[in-house]
Amino acid sequence: MRTDSRLSRMLHALIHMDRLGGKATSEQLAAMLATNPVVVRRTMAGLRRDGLVASEAGQGGGWALARPLDDITLLDIYRALGEPTLFAIGQSQDHPECLVEQAVNGALEETLSQARELISARFAAVTLGDLSRDFDDRFAAGRGS
């Protein structure tokens, strides 16, 4: 199964957008993410819909953050991306009448549900501001050596 890197890529792009201090075009973001501007626009559309970014068309337009980094959580972005699947593990549906399959699926669903709740709680507790400050700390530590 191919991994979905949209969350990490958008976190990366949004922090860079904040550092730019202004608007970033789809083309600039696409170059940064090594993808196509159409992919950027499609992905950013969900973030715009949820009020995380704003866009302005035309000359001098582009994408800008709509809220401060400390007001945007990882959970906000995860949800704006349509809540991509977290796990490749899934239940078997080959023999739904089989009691063994039912027991296995019940255990898997309970465990995966608890894991999703933990991940959501962690995503809700981390802001883009936290990630930006972590970058600053790492950068300062690298400069000091």
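This text goes with the structure placed above it.
Residues numbered from 1 in each chain as written. Predicted model: local features only at pLDDT ≥ 70, side-chain atom pairs only at ≥ 80, totals over all residues. Heavy atoms only, no water.

Time to look at the nonpolar core. Core analysis: the largest hydrophobic core is formed by 28 residues, its most contacted members being Met-44, Leu-47 and Ile-77. When contributions to this core are tallied by element, the ones reaching two or more residues are helix H1 (6–20), helix H2 (26–33), helix H3 (37–49) and helix H4 (74–80). Aside from chain neighbours lying at most four places away, what touches Ile-77 is Leu-7, Met-10, Leu-11, Leu-14, Leu-52, Ile-72 and Leu-128. (Core = buried A, V, L, I, M, F, W, Y, C linked by side-chain atoms within 4.5 Å. Buried < 20%, exposed > 50% of the residue type's maximum accessible area, 1.4 Å probe, protein only. Helix = DSSP H or I, 4+ residues; strand = E, 2+ residues; numbered from the N terminus. Contact = heavy atoms within 4.5 Å.)

In contact at an axis separation of 12 Å, H1 and H3 are set at 75° when each is read in the N-to-C sense. In terms of axis orientation, H1 runs roughly perpendicular to H3. Residues Met-10, Leu-14 and Met-17 of H1 form the contact with H3, whose participating residues are Thr-43, Met-44 and Leu-47. Each residue belonging to the contact of H1 with H3 can be placed in one class, and the counts come to 5 nonpolar, 1 polar and no charged. (Axes fitted to C-alpha atoms, helices over the stretch in contact; angles between N-to-C directions. Parallel < 35°, antiparallel > 145°, perpendicular 65-115°, else oblique. Nonpolar A, V, L, I, M, F, W, Y, C, P; charged D, E, K, R; others polar.)

Turning our attention to helix H5 (residues 99–125). With 27 residues, H5 ought to run about 39 Å at 1.5 Å a step, and its terminal C-alpha atoms sit 39 Å apart, in line with that. Within H5 the residues assigned to the buried category are Glu-101, Asn-105, Leu-112 and Phe-123. Residues of H5 that are buried in the fold lie against H1 and H4. (Expected span 1.5 Å × (residues − 1).)

Our focus in this paragraph is the environment of Ser-120. Along the chain, the position of Ser-120 falls in helix H5. Along the sequence, Ser-120 and Asp-76 sit 44 residues apart, while their C-alpha atoms lie 9.9 Å from each other.

Before going further, it helps to spend a moment on the side chain of Ser-26. In this fold, Ser-26 is placed in helix H2. A polar side-chain atom of Ser-26 sits 2.9 Å from a polar atom in the side chain of Trp-63. Filtering out sequence-adjacent residues up to four positions away, Ser-26 remains in contact with Pro-37, Val-40, Arg-41 and Trp-63. (Polar contact = N/O pair within 3.5 Å; in protein donor to acceptor, adjacent residues only side chain to side chain.)

This brings us to the packing of H2 against H3. The relative placement of two packed helices is expressed as an angle between their axes plus a distance between the axes. For the pair H2 and H3, interaxial distance at closest approach is 8 Å and the crossing angle is 105°. The angle between the axes of H2 and H3 places the two elements in the roughly perpendicular class. Facing Ser-26, Glu-27, Leu-29 and Ala-30 of H2, the residues of H3 in contact are Pro-37, Val-40, Arg-41 and Met-44. Counted by class, the contact of H2 with H3 contains 5 nonpolar, 1 polar and 2 charged residues.

Bear in mind that shape data such as this cannot, by itself, settle questions of function.
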